[in-house]
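Observations on the three-dimensional arrangement
Each chain, letter by letter, is given below.
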Amino acid sequence: MKTIDSVVVGGGVGGLAAALFLGRAGRSTSVFDGGQSTILSVDIVREYLGFDGVSPTEMLQKARDEVIRYGVELREELVTDILPLKNGNFEVVYPSGRITTRTVVLATGETYELPNISGIPEKWGRDLKVCPCFDGNEVKDGAFVVFGIPDKLAHMALWVSMWSANVTIVSRHNFNEEESERLNLLGIKIVKDDVAGLDHEGQQLTGVITEKGAQIPCDATWVALASRATSPLAAALCEVDANGFAVADASGATSYPGVYAIGNATQPWDHLAHAAAAGTRVGPIVTNYLLEQKISELRIKKHSQR
Ligand SMILES: Cc1cc2nc3c(=O)[nH]c(=O)nc-3n(C[C@H](O)[C@H](O)[C@H](O)COP(=O)(O)OP(=O)(O)OC[C@H]3O[C@@H](n4cnc5c(N)ncnc54)[C@H](O)[C@@H]3O)c2cc1C
């Protein structure tokens with residue numbers, strides 16, 4: 001079976017940035033992608049220098065075009081298994097075949113657990129927003145409703161208050177004394193109820209409907225969500241945290257030699273620029289690992305010839 005230098009699992013900006021470096025370093029590299037980059041859940045890229053205001057589809061296509069120039073193979077397939085081999089390499093399994101590789105870069109992203117409410121649009125980043133870094137500027141000074149999982153709720157409400165002074169939390173959660181004081185200091189209102197649905201007029205969000213039947217008008221909703229690693233591949237190969245995110249050092253190295261993790265596969269808070277930077281950072285680290293592997297192999301060969 002053919003052995004290549006690197007398999008990158010995930011073709012979002014993280015995986016593609018790693019592949020760009022590896023391709024340019026002359027390393028035989030295949031990128032496998034399931035086509036579900038998180039950024040595709042929104043209509044417009046924000047805050048990524050050089051791409052602010054661009055469609056995510058366009059941005060990813062441009063990145064793919066750049067990567068294939070350097071001989072990187074792109075496969076629109078999901079990797080189903082990665083099996084470590086005795087010689088330190090890996091067998092990568094996917095629906096139409098298998099390949100062996102010297103290194104693996106996991107760039108498989110994260111998956112959000114969306115609330116079970118009515119009216120969530122297909123492009124849910126539009127009026128069900130997750131972070132004001134991405135969309136706060138577009139709705140600044142509007143009426144905001146914040147809801148979601150209790151442990152992230154106070155932080156989300158305080159954070160979005162930097163974009164508008166009109167913030168209402170809709171939740172039955174009981175905030176502790178310190179959280180209550182901080183929310184109070186910033187004039188954040190609390191409605192003791194739960195959000196049951198989003199209300200729209202045409203495409204326009206007009207408010208939230210609560211479980212008790214109240215309609216709270218708003219221009220944007222911010223939802224504090226739980227997330228977990230998209231792929232179980234990391235958990236089968238290396239150390240992961242409670243939510244399945246790979247534990248990796250600053251270079252992207254995991255607990256398993258030759259396995260690297262970047263972007264949202266290891267850092268749930270990473271934005272596009274961070275994921276791209278992580279890909280660019282791991283490229284030379286993987287290349288150096290391959291160099292050291294080559295030197296070891298040549299040393300063994302030399303000794304065996306004596
Ligand atoms: C609503 C929303 C809006 C956002 N807006 C912005 C924004 O405006 N600006 C910004 O900077 N950031 C934004 N982000 C964050 C941004 O989407 C992420 O930072 C970025 O996508 C992370 O890149 P990544 O390469 O780590 O993962 P992703 O881009 O999510 O890519 C992971 C890829 O791995 C693939 N994959 C997973 N498992 C497998 C497998 N087994 N085999 C093959 N492929 C696999 C997936 O299909 C996917 O294509 C937003 C996030 C959300 C939720």
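Residues numbered from 1 in each chain as written. Predicted model: local features only at pLDDT ≥ 70, side-chain atom pairs only at ≥ 80, totals over all residues. Heavy atoms only, no water.

This part takes up the UniProt feature "domain: FAD/NAD(P)-binding" (unreviewed entry) in the chain. According to UniProt, the "domain: FAD/NAD(P)-binding" (unreviewed entry) feature falls on residues 5-277. Secondary structure across residues 5-277 divides into 22% helix and 29% strand, with the first and last C-alpha atoms of the span separated by 21 Å. (UniProt positions renumbered as here; feature names shortened; annotations may be inferred. Helix = DSSP H or I, 4+ residues; strand = E, 2+ residues; numbered from the N terminus.)

Before going further, it helps to examine the pairing of strand β5 (residues 90-94). Of all five residues making up β5, five are buried, and the element is well covered by its neighbours. Neither face of β5 is exposed, since F90, V92 and Y94 on one face and E91 and V93 on the opposite face are all buried. Bridging between strand β4 (residues 81-84) and β5 involves four bridges; their strand directions are antiparallel. Bridge pairing links L83 to E91 in β5. In this antiparallel pair of consecutive strands, β4 and β5, the connection spans five residues, and G88 shows a positive phi of 95°. Hairpin connection between β5 and strand β6 (residues 97-106): a loop of two residues separates the two successive antiparallel strands. (Buried < 20%, exposed > 50% of the residue type's maximum accessible area, 1.4 Å probe, protein only. Pairing = 2+ DSSP bridges.)

What follows covers the side chain of E91. The residue E91 is located in strand β5 in this model. At 2.4 Å, the side chain of E91 and the side chain of R98 are in polar contact. In contact with E91, other than residues within four places in its own chain, are M1, D81, I82, L83, L85, R98, I99 and T100. (Polar contact = N/O pair within 3.5 Å; in protein donor to acceptor, adjacent residues only side chain to side chain. Contact = heavy atoms within 4.5 Å.)

This paragraph deals with the domain arrangement of the chain. In terms of domain boundaries, the chain breaks down into domain 1 (3-111 + 227-304) and domain 2 (115-224). Taking only C-alpha atoms into account, the centre of domain 1 sits 35 Å from that of domain 2. Between domain 1 and domain 2, the contact holds seven residues from the first and seven residues from the second. Both faces considered, domain 1 and domain 2 share a buried interface measuring about 800 Å² in area, 56% of it formed by carbon and sulfur atoms. Linking domain 1 to domain 2 there are one salt bridge. Between R46 and E138 there is a salt bridge whose closest N-O contact spans 3.7 Å. On inspection of domain 1 and its partner domain 2, the count reaches zero residue pairs in polar contact (both at pLDDT 80 or more). (Domains from an automatic or database assignment. Buried area = accessible area lost by both parts, 1.4 Å probe. Salt bridge = Lys/Arg side-chain N within 4 Å of Asp/Glu carboxyl O.)

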